[in-house]
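Per-entry structural report
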Amino acid sequence: MSENISLRAEAVSNAKKIIVKAGTRLLIDRDSIARLVSGIAKLRQAGHQVLLVSSGAVGMGMEIAGVTRRPAELAHKQALAALGQTRLMSIYSEEAAKHGFSVAQLLLTAADLRSRRRYLNVMNCINALWERNILPIANENDSVSIDELKFGDNDTLAGMLTSVAGADLTILLTTVDGLRNRDENGKLAERISVVGKVTDKIRSLAGGTDDSNLSIGGMDSKLRAAELATAAGAFLWIADGRDTEIFEKILRGEDTGSIFLPRNHRVPGRKRWLGFFSKVSGALIIDDGAKKALTAGGKSLLPSGVIAVKGEFRRGDTVEIISLDQKPLARGLVNFDAKDCLSLCGKHSGEVIAIMGKEAEIEAVHRDNLVLLES
């Protein structure tokens, strides 16, 4: 138990940048929002830079419109989000002013992070707000998002923003006290205090936690967020947002909720974008020799190791690199169009130059433009 507390205390004390996500069911009225802002103020007073990922726009719109069940129709959800977002931000602004700071709104779609230029714009905006001691409040732009531009839920958005902002800790506030084991009858059992890695066994514990009447996502989405955050080198903490003293407990490093440990190293910023956000346009299937060179040797992918090409892509697009057993191994920026990759499959460097010319790159994907995908 003392080891768990020490680990949590270390995670908080070393966290310069913290992402806090609060779900719709925690933002039920002005008092609940006031408690959330007060807790964030405590984190800020302790020297942490905080970004809030706030759900609640649709829920607030439902309250204003007198709607009791989250609508299924996209246009109706968008209308409620547009209605509720203004009220929600007004309350946040007024409550933050009581603690001496201002708030700023970031409405995002997945397209804002898939584009490298727009990704950098979001990152620079967050940093500029922090420099001015302003609390950024991010939400999915529900009033305009369509399926192909959606993150899916704000847990996923929080996990992604962990990477964008270079955060050290992500706190997901929810209506449960953490991830739980299940007994022989499948019922929820004891709380899991520390999770070293999100495995298939851990994922199996997440079923049956959704409540679509008001919000989207359950423990499944929180585990997806944990994978994103920990891959970016951050801790992720699932905590009970109904606890009025939850921020004090977190600051003290108390053994509450479930904390997920970061992977061994933080992926550099450009490779985080490549691995987590860039849109995949095709795939290269590689042989076992190329797989070993990539995973064990840290080498570039040469055309000699490529045995098949999938999809239509152009030079500079992101491609997935897949092993013979169909396991995704890596993503990278490809140096050739798909048709050229096809003609270069299995060719060695001298042959590549003979076919493409002496100015051509000899790598299909250079190691500087490649990131391994940890399973």
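Refer to the structure printed above.
Only a predicted model underlies this, so the values are computations on that prediction, with no experimental measurement involved. (Residues numbered from 1 in each chain as written. Predicted model: local features only at pLDDT ≥ 70, side-chain atom pairs only at ≥ 80, totals over all residues. Heavy atoms only, no water.)

1. Considering the sheet that holds strand 12 (residues 306–310)
The five strands are arranged 12-11-13-14-15 in an open sheet whose pairing can be described as mixed. Of all the strands in the sheet, just strand 12 and strand 15 (370–372) have a single pairing partner and so form its edges. The average angle at which neighbouring strand axes cross in this sheet is 25°, direction not considered. Alignment of strand 11 (residues 280–286) against strand 12, held across four bridges, turns out to be antiparallel. Residue pairing in the sheet places I285 in a bridge with A308 of strand 12. Sheet strands in contact with helix 11 (residues 269–276) are strand 13 (318–322), strand 14 (328–333) and strand 15, and its direction is about 120° off that of strand 14. Sitting on the sheet, helix 12 (residues 288–295) touches strand 11, strand 13, strand 14 and strand 15, and the angle it makes with strand 11 is about 115°. (Pairing = 2+ DSSP bridges. Helix = DSSP H or I, 4+ residues; strand = E, 2+ residues; numbered from the N terminus. Axes fitted to C-alpha atoms, helices over the stretch in contact; angles between N-to-C directions. Contact = heavy atoms within 4.5 Å.)

2. Side note on the nonpolar core
Grouped together as the largest cluster of nonpolar side chains are 41 residues, with contacts concentrated most on I126, L161, L179 and F260. Filtering out sequence-adjacent residues up to four positions away, L161 remains in contact with I19, L51, V53, L108, V122, I126, A138 and G166. Grouped together as the second largest cluster of nonpolar side chains are 37 residues, L7, V20, Y92 and F247 included. (Core = buried A, V, L, I, M, F, W, Y, C linked by side-chain atoms within 4.5 Å. Buried < 20%, exposed > 50% of the residue type's maximum accessible area, 1.4 Å probe, protein only.)

3. Considerations on the pattern of salt bridges
Oppositely charged side chains may form a pair once their charged atoms are brought near each other. Taken as a whole, this structure holds 18 salt bridges when the rule is applied. The partner of K21 in a salt bridge is D155, with the nearest N and O atoms 3.0 Å apart. With K21 in strand 1 (residues 17–22) and D155 in helix 7 (residues 154–165), the pair connects residues that are 134 residues apart, well separated along the chain. Relative accessible area serves as the criterion here: at 1%, D155 is assigned to the buried category. Linking D155 and K222 is a salt bridge whose minimum nitrogen-to-oxygen distance equals 3.0 Å. Separated by 67 residues along the polypeptide, D155 in helix 7 and K222 in helix 9 (residues 219–231) bring together distant segments of the chain. With respect to class, D155 is no different from K222; both count as buried. (Salt bridge = Lys/Arg side-chain N within 4 Å of Asp/Glu carboxyl O.)

4. Details of helix 4 (residues 74–97)
If you check helix 4, its first and last C-alpha atoms are 34 Å apart, about what 24 residues at 1.5 Å a residue would give, namely 34 Å. The largest bend along helix 4 reaches roughly 30° and is located at G84. Regarding helix 4, the residues found buried are Q78, L80, A81, G84, Q85, L88, M89, I91, Y92, E95 and A96. Looking at the buried residues of helix 4, the elements they touch are helix 2 (30–45), strand 2 (49–54), helix 3 (57–65), strand 3 (103–108) and strand 4 (135–140). (Expected span 1.5 Å × (residues − 1). Bend = angle between axes of the 7 residues up to and from the residue.)

5. What to know about the sheet that holds strand 5 (residues 169–174)
Taking strand neighbours across the sheet as the criterion, the eight strands line up as 3-4-2-1-5-9-10-8 in an open arrangement whose pairing is mixed. Either end of the sheet is taken by a strand with one partner, and the two such strands are strand 3 and strand 8 (194–195). Where strand 3 and strand 4 come together, six bridges link them in parallel fashion. Residue L108 lies in a different strand from strand 4, and its bridge partner there is E140. Running over the sheet, helix 7 touches strand 1, strand 2, strand 3, strand 4 and strand 5 and is turned about 170° from strand 1. Those strands touched by helix 9 are strand 1, strand 5, strand 9 (235–240) and strand 10 (258–260), and its axis lies near 150° from that of strand 9.

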